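Examining the three-dimensional arrangement
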Amino acid sequence: MAKFIAKHKIPYLILIAFGILLFIMGIANHYFFRTVTYDYGVYNFAFWDYSHFRISQNPAYQGTFLQDHFSFTLMYFVPVFWLFNWLTGAYTLILIQNAMILVAAWFSYKLVMLKSKDIWLGIGIMVYYFVILGRYTTLGSDCNIAVISACFVPVFLYFFELKKYIYAFIILVLALFSRENIPIWFVFIFIVLIIEHRKEKKIILISLLGILISVVYFILLFKVFIPAIETADKKFTLFNYGALGVNPSEAIVFIAQHPVEAVKMFFVNHLNNPAYDGIKSEFYWVYFLSGGFILLLRPKYLIWFIPIVAQKVLNDSIYRWGISIYYSIEIVTLLPLSVYLVLSEIKSKYFRYGLAVAVCAITLGVTIYKLNPVNCRIPWTMHPEKETIYDKSFFKAQFNIQKVNNLLALVPDDARVSASDHILPHLAQRQYIYIFPTVEDAEYIVFSVLDDNWLIPHEDNEKVREKYLTSPEWEIIAKEYPVVLLKKIELQRDRYIRDSKLKTGILMSDMEKIDESKQHVLFSNNETADTLTNRSDETAHSGMHSIKLSKENQFSKSLNFSDFKELKYMQVSIWRSPNGKTGNLVASCGNYFYQSVNSGIETDSTGWEKLELKFLVPEQKNDAIFTIYLWNSGPEPVYFDDLLIKKF
């Protein structure tokens, strides 16, 4: 009896262990500022907005969240917001999503136990559910309604098989309203249930009613509900199946008229770009080896995968075809249940248990192998720093987390804020939030200088950051490199006060002014720019002299600044001789700050190139010395002239 009780505790221990793992990973990704606007920031804003009984414009793109996803999923959890958000804050949705994953795992276990009465199969599915690859690649997208909506399916199936049809109907309704793809998925789920219970008339009738409800809702969804909330500026854009048609109706007609071509598209690269070959096959091989091969013993379970595989591999985006992010989450949620339902029907105990162990072992091996981007068909879609807890980058941050959180705490809860990509998710629970460089009527701007808005080029991000860092309309009220917080200065204040917030110092040297007694080249204000040893009259950009660096003398004099602790922002530029590609302009501070440039932003008629650095000045740590210098990294001489430094 003691052994029996111990066995039945194992599923709880597995659930707790993997639950802790997922919660640690999800919380860590947000804590280390790895969550992004175009997922978690948008979701956090919508969740806060719904919880305050509003449907507002999204901070990252045109339209509301409901226009982008006709989903009520986040609305289901409004009570959770009011119960726990005072404590969990911007982490609430991560906790909700992981809780739903655990719920789906538990009901998958309960259904296998209901069908098999075999505790070892129950233990097996719990392990398998948590070692499958997509469980971890999903962490790359922070939070998504696809993850939550898929979790309703095992719960529905359990209550349906238990013949508690009222509960099953409630879950069905919640699932249908949770995401646009769910109605079609449930049509195929009910088909499998009809096959499974083909001798039970009542279940067949209930399943046919479920199909009818799903089809009617799907038609209403795309013919009535979605068009009703569309505007001229925001149309529904998630139907991206150009090879099938422009809408679901055309897609259904195409599949009916060209079934062979449609089936072929499941396996071939239908975008006709050879660079995309192998992406679909990688997906199939990963999940075939990760237990999918078991379904060949009971092909009926392949049926309910048809629509969710179709939505992946027939899409116009190659990223959806593959194994990355959350694009396999429906498969990941239903595959464990399917595999272990098949195993539960195998009579031989040794064969059943052997396959159960093999599935878990092979799946774990595939997961570990594929979590390494080197082993993936499109490696740039994998995020080891977010998805792999044993990766050395997982528990590392680019900056001092505590100090940055203290900086963010200076932003009032009701303030209008513009924030950069990785910072916005932490501040999104407010009525007015914008993704930088969109500022609109923001009262605060907070960004990391290493955090570009990926929709625009890096150079444009730099220009906008420079604009606000040097604007007399804004003042820097806190800085923890690479994060800076700016506050808008009240326009009615005296102009002198506004202008005094920005103290600008300019150092210029054309390498002509010298101090012979000290053997120094001077700036115009008589501060030292370099040594006479490096000065040359062989060529110049202006005047008669320049700085020459050679293989034997690679570095200029390092420039240090007595006002370093007061500096907020710097712009440094210098002209480099033609064909001097090995000449570098460098700014550094200890071993934690280093920026260099050797590509010119401008070339004049004589071939001289202008190098330029713009950066937020780092804070001094451990008596590190901040310095600016020139470096020739090649064997041929390079000449530099007309050094200009602007200090803010």
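Residues numbered from 1 in each chain as written. Predicted model: local features only at pLDDT ≥ 70, side-chain atom pairs only at ≥ 80, totals over all residues. Heavy atoms only, no water.

Comments concerning the overall build of the protein chain
Each helix and strand counted, the protein chain has 25 helices and 18 strands in total. Its C-alpha atoms give the protein chain principal-axis dimensions of roughly 105 × 60 × 55 Å. Residues counted as buried form 54% of the 648 residues belonging to the protein chain. Within the protein chain, residue pairs in contact and separated by at least 24 positions form 71% of the contacts whose partners lie at least 6 positions apart. For the protein chain, the exposed surface amounts to about 29,400 Å²; the carbon and sulfur share of it is 61%. Charged side chains of the protein chain number 62 positive and 59 negative; the gap between the two group centres comes to 14 Å. (Helix = DSSP H or I, 4+ residues; strand = E, 2+ residues; numbered from the N terminus. Buried < 20%, exposed > 50% of the residue type's maximum accessible area, 1.4 Å probe, protein only. Contact = heavy atoms within 4.5 Å. Areas by Shrake-Rupley, 256 points an atom, 1.4 Å probe, with all protein chains shown as cover. Lys, Arg positive; Asp, Glu negative; His and termini not counted. Charge placed at Lys NZ, Arg CZ, Asp CG, Glu CD.)

Overview of the environment of Ile194
Its location among the elements puts Ile194 in helix α12 (residues 182-196). In the structure, Ile194 is positioned twelve residues away from Ile206 in sequence and 9.2 Å away in space, judged by C-alpha atoms. Excluding anything up to four places from it in sequence, Ile194 contacts Ile204, Ser207, Leu208 and Ile211.

Topic: the sheet that holds strand β9 (residues 528-531)
Ordered by their spatial adjacency, three strands build an open sheet running β7-β8-β9, and the pairing between neighbours is antiparallel. For this open sheet the edge positions go to β7 (514-515) and β9, each flanked by a neighbour on one side alone. Pairing geometry for β7 and strand β8 (residues 520-522), over two bridges, is antiparallel. Each residue of the ladder has a partner; that of Asp515, found in β8, is His520. (Pairing = 2+ DSSP bridges.)

As for the nonpolar core
Ranked by size, the top nonpolar core spans 153 residues in total, and within it Phe130, Phe156, Leu157, Phe186, Tyr287, Tyr340 and Val446 carry the most contacts. When residues of this core are assigned to their parent elements, the largest contribution, 14 residues, is made by helix α6 (residues 92-116). The residues contacting Val446, other than those within four sequence positions of it, are Leu407, Leu408, Val417, Ser418, Ala419, Ser420, Ile423, Leu427, Val483, Val484 and Leu485. Grouped together as the second largest cluster of nonpolar side chains are 50 residues, Val449, Val464, Cys589 and Ile628 included. (Core = buried A, V, L, I, M, F, W, Y, C linked by side-chain atoms within 4.5 Å.)

Quick word on the environment of Val78
The residue Val78 is located in helix α5 (residues 78-88) in this model. Considering only alpha carbons, one finds Val78 and Asp49, 29 residues apart in sequence, at a separation of 9.7 Å. In contact with Val78, not counting residues within four places along its chain, are Phe47, Tyr50 and Ser51.

So, the pairing of strand β18 (residues 638-647)
Within β18, eight of the ten residues are buried, leaving the element largely enclosed by the surrounding structure. In this structure, strand β6 (residues 505-509) lies alongside β18, joined through five bridges in antiparallel fashion. When the sheet's bridge partners are listed, Met508 is paired in β18 with Leu644. Where strand β11 (residues 546-549) and β18 come together, three bridges link them in antiparallel fashion.

Considering the side chain of Lys300
Summarising the element assignment, Lys300 is placed in the loop between α16 (279-289) and α17 (306-313). In terms of polar contacts, Lys300 uses its side chain to reach the side chain of Glu196, at 2.4 Å. Excluding its chain neighbours within four sequence positions, the residues that come into contact with Lys300 are Val192, Ile195, Glu196 and Glu345. (Polar contact = N/O pair within 3.5 Å; in protein donor to acceptor, adjacent residues only side chain to side chain.)

Details of the packing of α16 against α17
Between two packed helices, the angle of one axis relative to the other and the distance separating the axes together describe the packing. Relative to each other, α16 and α17 sit at 150°, their axes nearing to 11 Å. Between α16 and α17, the interaxial angle falls into the category roughly antiparallel. Judged by the sense of rotation from one axis to the other, the crossing of α16 with α17 is right-handed. Touching Lys280, Phe283 and Tyr284 of α16 are Val309, Lys312 and Val313, all from α17. Here the contact of α16 with α17 is composed, by residue class, of four nonpolar, no polar and two charged. (Axes fitted to C-alpha atoms, helices over the stretch in contact; angles between N-to-C directions. Parallel < 35°, antiparallel > 145°, perpendicular 65-115°, else oblique. Left-handed = near helix turned anticlockwise from the far one by under 90°. Nonpolar A, V, L, I, M, F, W, Y, C, P; charged D, E, K, R; others polar.)

Quick look at the packing of aromatic side chains
For any two aromatic rings, the description comes down to two numbers: the centre-to-centre distance and the angle of the planes. Tallying each qualifying case throughout the model produces 49 aromatic pairs. Residues Phe47 and Phe81 carry aromatic rings whose centres are separated by 5.5 Å and whose planes lie at 85° to one another, so their mutual orientation is edge-to-face. Highlighted residues: Phe47 in helix α2 (residues 37-51) and Phe81 in helix α5, separated in sequence by 34 residues. You can call Phe81 buried: its relative accessible area is 5%. Put simply, the rings of Phe70, Phe72, Phe177, Tyr217 and Phe225 pair up and form one aromatic cluster. Positioned above the aromatic ring of Phe394 is the side chain of Arg34, whose terminal nitrogen or guanidinium carbon lies 4.8 Å from the ring centre. (Phe/Tyr/Trp six-rings, centres within 6.5 Å; stacked < 30°, edge-to-face > 60°. Lys NZ or Arg CZ within 6 Å of the ring centre and 35° of its normal.)

Take it as geometry only, folks, not as evidence of what the structure does.
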